[in-house]
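Structural overview for review
If you want the building blocks of each chain, they are given just below.
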Amino acid sequence: MPQTATLIRIAALMAAAVFAGVIVWASGRADLFASFAAVAADPWGLVALIDLYLGFAVTAGLVAAFERRAPVVLAFLVALFVLGNLATLAWVAWRAPSIGRRLAPPIR
């Protein structure tokens, strides 16, 4: 695996581990649905939620364009809208070799 892919995979997995830890911490501190309602009630909270879901839609579109198998795309879409960017980080870690190849400079 090229060095770029390794760095992408390590970064994605580290971010996923930190994010998962924050999710576990938050789930012990506050009710998800009550917190979501409070965020949605605030104007800037609503902006943040729109930003979040717009990002999900863009990410879903990129994954759909990248993946060739419909079941993979469908599984990712379900995971994305349930797990959020934890699913994005997992997909990036999984696809790191392909991403690394696409980011590598062309061989001359």
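As the structure is a prediction and not an experimental result, all values here were calculated from the model.

Definitions and limits used
- Numbers given to residues run from 1 along each chain, matching the order in which its sequence is written.
- Local features in this predicted model are restricted to residues of pLDDT 70 or higher, and side-chain atom pairs are both shown and tallied only at a pLDDT of 80 or more, whereas totals for entire chains, interfaces and linings draw on every residue.
- Side-chain metrics rest on all non-hydrogen atoms present in the structure, leaving aside hydrogens and water.
- A 1.4 Å probe that fits but cannot get out identifies a cavity on a 1 Å grid over protein atoms alone, an open set with protein on both sides within 12 Å along at least five of seven lines counts as a pocket, and a residue lines either if it has an atom within 4 Å of a point.
- Grid points are joined across faces, edges and corners, and a volume is the space filled by probe spheres set on the points.
- Strands are runs of DSSP state E lasting at least two residues, helices are runs of H or I lasting at least four, and both sets are numbered from the N terminus onward.
- Charged residues are taken to be Asp, Glu, Lys and Arg, nonpolar residues to be Ala, Val, Leu, Ile, Met, Phe, Trp, Tyr, Cys and Pro, and polar residues to be all remaining types, Gly included.
- Here's how the labels work: a residue is buried when its accessible area is under 20% of the maximum for its type, exposed when over 50%, partly exposed in between, all with a 1.4 Å probe on protein chains only.
- Every residue pair with non-hydrogen atoms within 4.5 Å of one another is taken to be in contact.
- One number per residue, pLDDT, summarises how confident the predictor is, and it ranges from 0 to 100.
- To estimate the expected span of a helix, count its residues, drop one, and scale the result by 1.5 Å.
- Polar contact is defined as a pair of N or O atoms within 3.5 Å, subject to the rule that within protein one atom must be able to donate a hydrogen and the other to accept it, and that residues adjacent in sequence are counted only when both atoms are side-chain atoms.

1. Focus on the layout of surface pockets
- Of the volumes computed, that of the largest pocket is approximately 780 Å³.
- What lines the largest pocket is a set of 23 residues, and nearest its centre among them are Phe-19, Ile-23, Leu-32, Phe-36 and Val-82.
- Counting residues per element, the ones that place at least two in the lining of the largest pocket are α1 (3–29), α2 (32–41), α3 (43–66), α4 (70–83) and α5 (85–94).
- Across the lining of the largest pocket, the residue classes break down as 18 nonpolar, four polar and one charged.

2. Topic: the environment of Val-72
- Summarising the element assignment, Val-72 is placed in helix α4.
- The class for Val-72 is buried, based on a relative accessible area of 18%.
- Along the chain, Val-72 and Leu-49 lie 23 residues apart, while their C-alpha atoms are 26 Å from each other.
- In contact with Val-72, other than residues within four places in its own chain, are Glu-67 and Trp-94.

3. A few points about the confidence of the model for the chain
- Residues with a pLDDT of 70 or more make up 98% of the chain, whose mean pLDDT is 91.
- In the model of the chain, helix α6 (residues 96–103) stands out as the element of lowest mean pLDDT, 82, in contrast to α5, which has the highest, 95.

4. What to know about α3
- The end-to-end C-alpha distance of α3 is 35 Å, a good match for the 34 Å that 24 residues give at a rise of 1.5 Å each.
- Looking at α3, one finds that the buried residues are Gly-45, Leu-49, Phe-56, Thr-59, Ala-60, Val-63 and Phe-66.
- For α3, the N-terminal cap is Asp-42; the gap from its side-chain oxygen to the backbone nitrogen of Trp-44 is 2.9 Å.

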